[in-house]
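Observations on the model geometry
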Amino acid sequence: MEKLSKPDLARLLSIEDENEMEWLFDQAQKLKWQKSGNKVHLRALIELSNLCTQNCLYCGIRRDSDIERFTLEKEDVLNYFKAALKYNITSLVIQSGERRDKSFVAFIEDLLCSLMSLKNEVRITLSLGEQTKETYKRWYDAGARRYLLRIETTNRHLFDVIHQGCSLYEEKVKCLYSLKEIGYQVGTGVMIGLPGQTAEDLANDLLFYKTIDADMIGMGPYIPHFGTPLGKSFINSFDTQAKTKLVNLSLKMIACCRLLLEDVNIASTTALNTLDPEGFIKGIKAGANVVMPNFTELKYKKSYQLYEGKSGLTEFTLPELEKKLALLGETINYSDFGDSTHFTKKQCL
Ligand code: 5AD
């Protein structure tokens, strides 16, 4: 739907009536089926390291957080990847706290080469934050093909408040364009429900995705981490009612994103599933088409708490997901890499 304007989007995001919400989710799911079929793509998520040089006010693994730090060995990553292959998952997401030192850049390059030689037919997504264009290019040459870098919010004031200068808006946008120029499938996204964020802000976020011509979207609710500067003031107000509202707002964002961007890949995120045990499924029903089961070992996952109560700590059960998807008329795609239709179409032009 090319013609959805900012006021249209803000209005849809403000829907409170249950029936109207269901209608919105239905429209989005139908459009998804029409544009990219009734398939859900799986990505094995590996949390590589919680070492982080950034100090974002919302994040549980920020530099100043007093947590036990870990970095996986290459062998660990290869083993988790092998475990994912047993489930026929051939797309991998490697996520980590942000580091730009030479040895980290080289470690990732070497890891990519090893993963590619283990199985050449694999799609690797990186989610390793802001880097130089040269670094992005090195990792692309080593085999990475997708990159996720959330803009977090397009409200400049809010962006500055939650980053306190550790990250600059213009830099992030520049990174996104560098990634596109190199040839990556580019993903971005925001946190939903940040303090002071309005429906207009969220509408602007969606329009930003369109402006930069994103191929993939990963966005989820902001969940206060009570040990962070931004999260600590929520300790008494983040109740069941607040959570339900936030889940609904996140689902409306997914649906609006589908209606606006049509053929991109949209993730049903871990954060959504943390607030609602049926979050993954509800996200798919509202227009998302990607789920990222976590393949990191429990002992490390425990130290990768970006926010309070982060889910996925128990073993992810694919048969259960498959059953639930079948009830929605959706199936898991095991026949190809599930590249973003939006990206594939551009390649054919
Ligand atoms: N709530 C929700 N998402 C968060 N992230 C970091 N901290 C939080 C939080 N408290 C998200 C950011 C980041 C991604 C890796 O995790 O959007 O880009």
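The structure under discussion appears in the preceding block.
This structure is a prediction, so every number in the text was calculated from the model and none was measured. (Residues numbered from 1 in each chain as written. Predicted model: local features only at pLDDT ≥ 70, side-chain atom pairs only at ≥ 80, totals over all residues. Heavy atoms only, no water.)

What follows deals with the overall build of the protein chain. Looking only at helices and strands, one finds 14 helices and 12 strands in the protein chain. Relative to a compact globule of 349 residues, whose C-alpha radius of gyration would be 20 Å, the protein chain shows 19 Å and is just as compact. Across the 349 residues that make up the protein chain, the buried fraction comes to 58%. When contacts within the protein chain are restricted to residue pairs at least 6 apart in sequence, long-range pairs at least 24 apart make up 76% of them. Carbon and sulfur atoms form 53% of the exposed surface of the protein chain, whose accessible area is close to 15000 Å². Computing the positive centroid from 45 side-chain charges and the negative centroid from 46, the protein chain places the two 2 Å apart. (Helix = DSSP H or I, 4+ residues; strand = E, 2+ residues; numbered from the N terminus. Rg over C-alpha atoms; globule rule 2.2 N^0.38 Å. Buried < 20%, exposed > 50% of the residue type's maximum accessible area, 1.4 Å probe, protein only. Contact = heavy atoms within 4.5 Å. Areas by Shrake-Rupley, 256 points an atom, 1.4 Å probe, with all protein chains shown as cover. Lys, Arg positive; Asp, Glu negative; His and termini not counted. Charge placed at Lys NZ, Arg CZ, Asp CG, Glu CD.)

With parallel pairing, the 10 strands of this open sheet are ordered in space as 2-3-4-5-6-8-10-11-1-12. Two strands in the sheet have a free side with no partner beyond their single neighbour: strand 2 (44–49) and strand 12 (331–332). The pairing of strand 1 (residues 39–42) with strand 12 spans two bridges and is classified as parallel. Among the inter-strand pairings, valine 40 is bridged to a residue of strand 12, identified as isoleucine 332. This element, helix 3 (residues 74–86), spans strand 2 and strand 3 (91–96) of the sheet and lies at about 170° to strand 2. (Pairing = 2+ DSSP bridges. Axes fitted to C-alpha atoms, helices over the stretch in contact; angles between N-to-C directions.)

Core analysis: the largest hydrophobic core is formed by 110 residues, its most contacted members being Leu126, Trp139, Tyr184, Leu206, Tyr209 and Met219. Apart from the residues lying within four places of it in its own chain, the contact partners of tryptophan 139 are Phe104, Val105, Ile108, Glu109, Leu112, Leu126, Leu128, Gln131, Ala144, Tyr147 and Tyr184. One finds Leu45, Ala267, Val290 and Met292 within the second-largest nonpolar core, a separate group that totals seven residues. (Core = buried A, V, L, I, M, F, W, Y, C linked by side-chain atoms within 4.5 Å.)

Attention shifts here to the pairing of strand 6 (residues 185–188). Where burial is concerned, the two faces of strand 6 agree: the one with Gln185 and Gly187 and the one with Val186 and Thr188 are both buried. Where strand 6 meets strand 8 (residues 216–217), two bridges bridge the pair, whose relative direction is parallel. If you follow threonine 188 over to strand 8, its bridge partner there is isoleucine 217.

For the structure shown, the criterion picks out nine aromatic pairs. Ring centres 6.4 Å apart and planes at 80° place the aromatic pair phenylalanine 104 and tryptophan 139 in the edge-to-face group. Of this pair, phenylalanine 104 sits in helix 4 (residues 102–118) while tryptophan 139 sits in helix 5 (residues 133–141), placing them 35 residues apart in sequence. Across the pair, tryptophan 139 and phenylalanine 104 agree in class, each one buried. With 4.9 Å between their ring centres and 70° between their planes, tyrosine 136 and tyrosine 147 make a pair best called edge-to-face. (Phe/Tyr/Trp six-rings, centres within 6.5 Å; stacked < 30°, edge-to-face > 60°.)

Attention now moves to the pattern of salt bridges. Under the criterion given, the structure shown has 24 salt bridges. Across the salt bridge formed by arginine 146 and aspartate 339, the nearest N and O atoms sit 2.5 Å from each other. Of this pair, arginine 146 sits in strand 5 (residues 146–148) while aspartate 339 sits in the loop between strand 12 and helix 14 (341–348), and the two are 193 residues apart along the sequence. For glutamate 278, the salt bridge is made with lysine 324, and the minimal N-O distance between the two is 3.1 Å. (Salt bridge = Lys/Arg side-chain N within 4 Å of Asp/Glu carboxyl O.)

With that settled, the discussion passes to the site of the ligand. Close contacts around the ligand come from Tyr58, Cys59, Gln95, Arg150, Glu152, Met191, Pro221, Tyr222, Ile223, Leu306 and Tyr307, and that covers them all. At 3.0 Å, a backbone N or O of tyrosine 58 approaches a nitrogen atom of the ligand. A distance of 2.7 Å separates an oxygen atom of the ligand from a polar atom in the side chain of arginine 150. Summarising the interface, the protein chains cover 88% of the accessible area of the ligand, which totals 400 Å² for the free molecule. Here the shell around the ligand is composed, by residue class, of eight nonpolar, one polar and two charged. (Near = heavy atom within 4 Å. Polar contact = N/O pair within 3.5 Å; in protein donor to acceptor, adjacent residues only side chain to side chain. Nonpolar A, V, L, I, M, F, W, Y, C, P; charged D, E, K, R; others polar.)

Now for the state of the cysteines. This structure, assessed with the given rule, holds zero disulfides. Of the cysteine sulfurs around cysteine 59, a residue in no disulfide, the closest is that of cysteine 56, at 6.3 Å. For cysteine 59, a relative accessible area of 16% gives the class buried. (Disulfide = S-S within 2.5 Å.)

What follows covers the packing of helix 3 against helix 4. Relative orientation of the contacting elements helix 3 and helix 4 amounts to 35°, with a least axis distance of 10 Å. Once helix 3 is placed against helix 4, the crossing between them reads as right-handed. Residues Lys74, Val77, Leu78, Phe81 and Lys82 of helix 3 lie in contact with helix 4, whose contacting residues are Phe107, Asp110, Leu111, Ser114, Leu115 and Leu118. (Left-handed = near helix turned anticlockwise from the far one by under 90°.)

Shape descriptors only; they carry no functional weight alone.
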